[in-house]
Amino acid sequence: MTARPSPGDLLAVDGRASVQFAGDRALTFRVVSVCDQPTYAGWIWLTGYVLNRRGEATDKREICVQLAGLRSAMGSPAPRRPRTTRSYASRRDQSDGAAARDRSGLCARADAR
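In this text the structure is predicted, and so the values were computed from the model without any measurement.

So what's going on with the overall build of the protein? Residues and values would help.
What the protein contains, in helices and strands, is one helix and five strands. Reading the protein from its N terminus to its C terminus gives the helix and strand order β-β-β-β-β-α. Among the 113 residues that make up the protein, the fraction classed as buried is 26%. In the protein, the share of contacts with a sequence separation of at least 24, taken over all contacts with a separation of at least 6, comes to 42%. Counting only carbon and sulfur atoms, one obtains 50% of the accessible surface of the protein, whose full area is about 8600 Å².

Right, here's the structure in full:
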């Protein structure tokens, strides 16, 4: 990657970006901010979140990496929204239980007399 990353970018950070991320220390990184402070030529400070295989943020980090060694991680999973629980009962069943009793035949209707 030769362009400067921007907030929201998803990057693959491995040994090409810095030796500290070589091998099994490679990570997927979501950029939050890019530091404007000068550093060594070709290097850049990034702040962001380390993502796991499911695309969930596991750690916030600040890293110094070589700009030329960064790669886009577009093949990585996108962050997922939390699951919501849903009731499988109908709205009628969530009241006082009359609907369930009506279906079971245990309750006699007033108009059936």
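Help me get a handle on the nonpolar core, residues and values and all.
In terms of nonpolar packing, the biggest core is built from 14 residues, with V13, F29, L46, I63, V65 and L70 touching the most fellow members. Taken together, the elements giving at least two residues each to this core come down to β1 (10-13), β2 (27-34), β3 (43-51) and β4 (57-66). Ranked by the residues each element gives to this core, the list is headed by β2, at four residues. Setting aside anything within four residues of it in sequence, one finds L46 in contact with P5, L11, F29, V31, S33, V34, R61, E62, I63, V65 and L70.

How would you summarise the sheet that holds strand β5 (residues 71-72) if you had to cite specific residues and measurements?
An order of β4-β3-β2-β1-β5 is seen for the five strands of this open sheet, with the pairing classed as antiparallel. Only two strands of the sheet have a single partner each, and these edge strands are β4 and β5. Bridge count between β2 and β3: six bridges; the pairing is antiparallel. When the bridges of β3 are listed, V31 appears paired with G48.

What counts and what doesn't
Residue indices begin from 1 for each chain and proceed along its sequence in written order. Whole-chain, interface and lining totals are the exception, using all residues; otherwise, since this is a predicted model, local features are given only for residues with pLDDT of at least 70 and side-chain atom pairs are given and counted only at 80 or more. Only hydrogens and water are set aside when side-chain values are computed; all heavy atoms of the structure are taken into account. Helix and strand definitions here come from DSSP, where helices need a minimum of 4 consecutive H or I residues and strands a minimum of 2 consecutive E residues; each element is numbered from the N-terminal end. For the exposure calls, accessible area comes from a 1.4 Å probe over protein chains only, and a residue counts as buried if that area is under 20% of its type's maximum, exposed if over 50%, partly exposed in between. Contacts between residues were defined by any pair of non-hydrogen atoms, one from each residue, lying within 4.5 Å. Note on areas: Shrake-Rupley with a 1.4 Å probe; residue coverage comes only from the protein chains shown. Residues belong to a common nonpolar core when they are buried Ala, Val, Leu, Ile, Met, Phe, Trp, Tyr or Cys residues joined through side-chain atoms within 4.5 Å. Between any two strands, at least two bridges found by DSSP are needed for them to pair.

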